[in-house]
Amino acid sequence: MTTDLSKTPGDAPDTSTEPTSPATPPPATDPRLLVRTDGLAGYWSDFLRRMRSGELGSVPVVLGLAVIWLVFWLLEPSFLSAQNVSNLSVYIVGTGLIAVGIVFVLLLGEIDLSVGSVSGLAGAVFAVLAVNEGITEWLALLVALLTGALAGAVHGFFFARVGVPAFVVTLAGLLFWNGLMLQVLSSDGTVNLDKDGLVGSMTSHFFTDVAAAYGLALLAVLGYFAAQWSEHRRRVAAGVPARPLSEIVVRTGALAVAAFLLAYTLNQYKGLPLALVIFLAVLVVFDFIVRRTTWGRRVFALGGNTEAARRAGINVTAVRISVFSLAGTMAAFGGLLIASRIAAADQGAGSGVLLMEAIAAAVIGGTSLFGGRGTVWSALLGMLVIGSISNGLALLGSPSHLQYMITGGVLLAAVVIDSVSRRTQRSAGRT
């Protein structure tokens, strides 16, 4: 019998076991869940986390807009007067509607250079039919909108079906539709619109009853709260992170302050502009479409990864054609509002900086040039920035070239922020 000499009599028996692996750490908590567990403190932590990871949202443009307003107000106190605010709210509508269509094209990761010419063509078609030919204004309006939709569908067909790059197709459209507009106006040159007519009244009509502005503000606040509360309940029921009720109340309160302050300011002048009501209604409708419908989700899917969307069964061609057709329709709608504001359709319509302002508004407002990210509210925020710069410099008597330089700088800053935020998100593993 062999004896283990390494042990001496009296040693305690060896009860050791094989080393065990360290205990498995508990799964990391999704930082977004802090919003649900810690209320506003958790929201603040989540907000800082999103800022560090590049999820900036509309924060840069809102801060930039606040700085622009503060600077112009200090330089020219009349900048925030009731009359100037009212004029600004009407001025941004025409180009803003065009920018809404641009937002959808940018969500695909594409560009549309024809919207300026399409807007001018729509204004010319309406003016010639309604004024020169004596056709009912409602019918002339419908034909003008259909003209824009058809022009956009043509661009979409050559891009989606034939495979011609969107840049080339819409550049050709810019030239073609501008030439067609000149042909439609022919020897008339300029056709004046009736300011009291259907289109003319879109920018000249104001709801003078103070209840109109306050009523719209109340409707906006209640609608926002209802939408946020419904979203909160739906997400909680599904067991996914949701905004706490305290945050919803704070957001609703901030909106209420801004909405009723705007309503009060507008009521100090002529009242609530019809043009602003139209613009806000369009934004609400398209915001619902892009976020709550299958078609809207497909647009985002194409902008994120076209090949993945195709393999998922999405009809890429149909979605692309529909987006460009929508952009053409919104360009026509915007062109009618611009014609309404100047009470005429002329050969210079759709030219100048209109195209650049529409694209810049969408990008400055937060829609990515790389596709797959943005909201229709970008058109409003971006147009507020561009319109405020233009309006403020005009009040100061500054030359127009300074406006172009500043707007170009703001546009570059917006693209740089978008590029940096995307790179930051990739580094943080968010994209």
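Once that is clear, we can look at the nonpolar core. Counting residues in each nonpolar core, the largest one holds 95 residues, and the members touching the most others are Leu 97, Val 100, Phe 104, Phe 126, Phe 279, Phe 286 and Met 330. In this structure Phe 279 touches Ile 92, Val 93, Gly 96, Leu 97, Val 100, Ala 379 and Leu 380, once residues within four positions along its chain are discounted. Ranked by size, the runner-up nonpolar core spans 10 residues in total, among them Ala 213, Ala 217, Ala 256 and Leu 272.

Moving on to the confidence of the model for the protein. In the predicted model, the protein carries a mean pLDDT of 85, and the fraction of residues at 70 or more is 84%. Predicted confidence for residues 1-30 stays below pLDDT 50, and this span has two contacts to residues more than four positions away or in other chains.

Another aspect to go through is helix α14 (residues 316-342). The first and last C-alpha atoms of α14 sit 39 Å apart over 27 residues, in line with the 39 Å expected at 1.5 Å per residue. Burial analysis of α14 places 21 of its 27 residues in the buried class, which makes it a mostly covered element. Downstream of α14 by a residue or two, Ala 343 has a phi angle that is positive, lying close to 55 degrees.

With that settled, the discussion passes to a nonpolar patch on the surface. On the surface, Trp 69, Leu 70, Trp 73, Leu 74 and Leu 80 cluster together into a nonpolar patch covering about 500 Å² of accessible area. On the secondary structure map, Leu 74 appears in helix α3 (residues 59-75). When its relative accessible area of 60% is taken as the criterion, Leu 74 is described as exposed.

What follows is about the side chain of Thr 407. Relative to the assigned elements, Thr 407 resides in helix α17 (residues 400-427). On the accessibility criterion, Thr 407 (15% relative accessible area) is buried. The contact partners of Thr 407, leaving out residues within four places of it in the chain, are Ile 386 and Ile 389.

For the structure on display, the rule yields six salt bridges. For Glu 231, the salt bridge goes to Arg 234, with nearest N and O atoms at 2.9 Å. One end of the pair, Glu 231, and the other, Arg 234, are both in helix α9 (residues 210-238), three residues apart, so they sit about a helical turn from each other. Looking at Arg 234, the relative accessible area reads 48%, which means it is partly exposed. Across the pair Asp 287 and Arg 291 runs a salt bridge whose closest N-O atoms are separated by 3.1 Å. On the criterion of helical spacing, the pair formed by Asp 287 and Arg 291 is a turn pair, its members being four residues apart in helix α11 (residues 274-292). The class of Asp 287 is buried, set by a relative accessible area of 11%. Shared partners join several salt bridges into a network, and the residues in it are Glu 231, Arg 234, Arg 235 and Arg 292.

Rules of the game
- Residues numbered from 1 in each chain as written.
- Predicted model: local features only at pLDDT ≥ 70, side-chain atom pairs only at ≥ 80, totals over all residues.
- Heavy atoms only, no water.
- Core = buried A, V, L, I, M, F, W, Y, C linked by side-chain atoms within 4.5 Å.
- Buried < 20%, exposed > 50% of the residue type's maximum accessible area, 1.4 Å probe, protein only.
- Contact = heavy atoms within 4.5 Å.
- pLDDT = per-residue confidence, 0-100.
- Helix = DSSP H or I, 4+ residues; strand = E, 2+ residues; numbered from the N terminus.
- Expected span 1.5 Å × (residues − 1).
- Patch = residues over 30% accessible without salt bridge, like charges linked within 9 Å, V, L, I, M, F, W, Y side chains within 5 Å.
- Areas by Shrake-Rupley, 256 points an atom, 1.4 Å probe, with all protein chains shown as cover.
- Salt bridge = Lys/Arg side-chain N within 4 Å of Asp/Glu carboxyl O.

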